[in-house]
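# Chains, contacts and geometry: an overview
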Amino acid sequence: ARLGIGAEASRLSGTTNTIAMLAWPDGRTRPLLFDDSPVLPSAVYLRADGGLDVGRDAARAALADPTRYEPNPKRRIDEGSLLLGTTEVPVVDAIAAVFGRVATEAQRVIGGPPDETVLTHPAAWGPARRGVLLDAARQAGVAVTGTVAEPIAAAAYFTAVLGNTVRTG
């Protein structure tokens, strides 16, 4: 199976979420589910033991101490580190925690690592930002076989998976 990992930003809430799609060799595709939802909030929360909770677990934990919570680590990719509580956490570690959650779920669903993994990224991101994403994926144990700009990935999904056509021009 192939795994595609991307992000989407909510214009209403300003949050960033992670979406992951599995593509089977027979052409079927399906989203990975996280807590019964195809949308995984990209949030992280630094626990007292130094580990990072991800997604809805992070949001719930933040109720106890919001200073240890970061709802949008990908949006802070240029900062190098995040201050969570009184601890500096490298941004790459926060993004790796999100990728780790995706990888764990993908392996549970397909029974092992995917044959291919493709990450999407904003079209305007240069090599440095894409490098942080790739470093985070490696740190999470995700073997990335390619990257694709988000608009290109969306167009491919629109045509190849949904069967829509795009007029020339």
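Scroll up to find the structure.
## Quick look at the pattern of salt bridges
By the definition in use, this model includes 11 salt bridges. The residue Arg76 makes a salt bridge to Glu70 at a minimum N-O spacing of 2.5 Å. Residue classification places Arg76 among the partly exposed residues on the basis of a relative accessible area of 23%. Here Glu105 and Arg108 are joined by a salt bridge, their closest N and O atoms 2.6 Å apart. Of this pair, Glu105 and Arg108 both sit in helix H2 (residues 91-110), three residues apart, which is roughly one turn of that helix.

## What to know about the pairing of strand S2 (residues 16-23)
By the criterion of burial, S2 is predominantly enclosed, with six of the eight residues buried. The sheet contact formed by S2 and strand S4 (residues 40-41) spans two bridges and is antiparallel. Its bridge partner being in S4, Thr18 is matched across the sheet by Leu40. Connecting the antiparallel pair S2 and strand S3 (residues 29-31) is a turn made up of five residues, with Gly27 showing a positive phi of about 100°.

## Some points on the packing of aromatic side chains
Applying the stated rule across the entire model yields zero aromatic pairs. It is Lys74 that lies over the ring of Trp125; its NZ or CZ is 5.4 Å from the centre.

## Thoughts on helix H3 (residues 127-139)
Along an α-helix, residues three or four apart share an orientation, since each turn contains 3.6 residues. Spanning 13 residues, H3 covers 18 Å between terminal C-alpha atoms, matching the ideal 18 Å at 1.5 Å per step. Of the residues making up H3, those classed as buried are Leu133, Ala136 and Ala137. Around the axis of H3, the buried residues are gathered within 100° of arc, so they sit on the same side. The outward face of H3, more than 90 degrees from its buried face, is lined by the exposed residues Pro127, Ala128 and Arg138. Among the residues trailing H3, Gly141 stands out with phi positive, at a value near 80°.

## A closer look at the pairing of strand S9 (residues 87-90)
Look at any regular strand and the pattern is simple: side chains alternate between the two faces of the sheet. Taken together, the four bridges between strand S8 (residues 81-84) and S9 define a ladder with antiparallel strand orientation. For Leu84, the partnering residue across the bridge sits in S9 and is Thr87. Hairpin remark: S8 followed by S9, antiparallel, with two residues in the connecting loop; positive phi at Gly85, about 70°.

## A word on H2
Taking 1.5 Å per residue as the helical rise, H2 with its 20 residues ought to reach 28 Å, and the 29 Å between its terminal C-alpha atoms agrees with that figure. Of all the positions in H2, only Val91, Ala94, Ile95, Ala96, Ala97, Val98, Phe99, Gly100, Val102, Ala103, Glu105 and Ala106 are classed as buried. Looking at the residues trailing H2, positive phi occurs at Gly111, about 80°.

## Some points on the environment of Phe158
Turning to its location among the elements, Phe158 is positioned in helix H4 (residues 150-161). Phe158 sits 87 residues away from Pro71 along the chain, and the two C-alpha atoms are 28 Å apart. Setting aside residues no more than four positions away along its own chain, Phe158 makes contact with Gly163, Asn164, Thr165 and Val166.

## Topic: the side chain of Thr18
Mapped onto the elements, Thr18 comes out in strand S2. Of the polar contacts made by the side chain of Thr18, one reaches the side chain of Ser42; its length is 2.7 Å.

## Structural notes on the sheet that holds strand S7 (residues 69-70)
Pairing within the open sheet is antiparallel, and its three strands lie in the order S6-S5-S7. With partners counted over all chains shown, the strands left at the sheet margins are strand S6 (52-54) and S7, one partner each. With three bridges connecting them, strand S5 (residues 44-46) and S6 associate as antiparallel partners. The residue of S6 that forms the bridge with Tyr45 is Asp53. Packed on one face of the sheet, H2 meets S5 and S6 and runs near 55° to S6.

The rules behind each value
Residues numbered from 1 in each chain as written. Predicted model: local features only at pLDDT ≥ 70, side-chain atom pairs only at ≥ 80, totals over all residues. Heavy atoms only, no water. Salt bridge = Lys/Arg side-chain N within 4 Å of Asp/Glu carboxyl O. Buried < 20%, exposed > 50% of the residue type's maximum accessible area, 1.4 Å probe, protein only. Helix = DSSP H or I, 4+ residues; strand = E, 2+ residues; numbered from the N terminus. Pairing = 2+ DSSP bridges. Phe/Tyr/Trp six-rings, centres within 6.5 Å; stacked < 30°, edge-to-face > 60°. Lys NZ or Arg CZ within 6 Å of the ring centre and 35° of its normal. Expected span 1.5 Å × (residues − 1). Arc of directions from axis to C-beta. Contact = heavy atoms within 4.5 Å. Polar contact = N/O pair within 3.5 Å; in protein donor to acceptor, adjacent residues only side chain to side chain. Axes fitted to C-alpha atoms, helices over the stretch in contact; angles between N-to-C directions.

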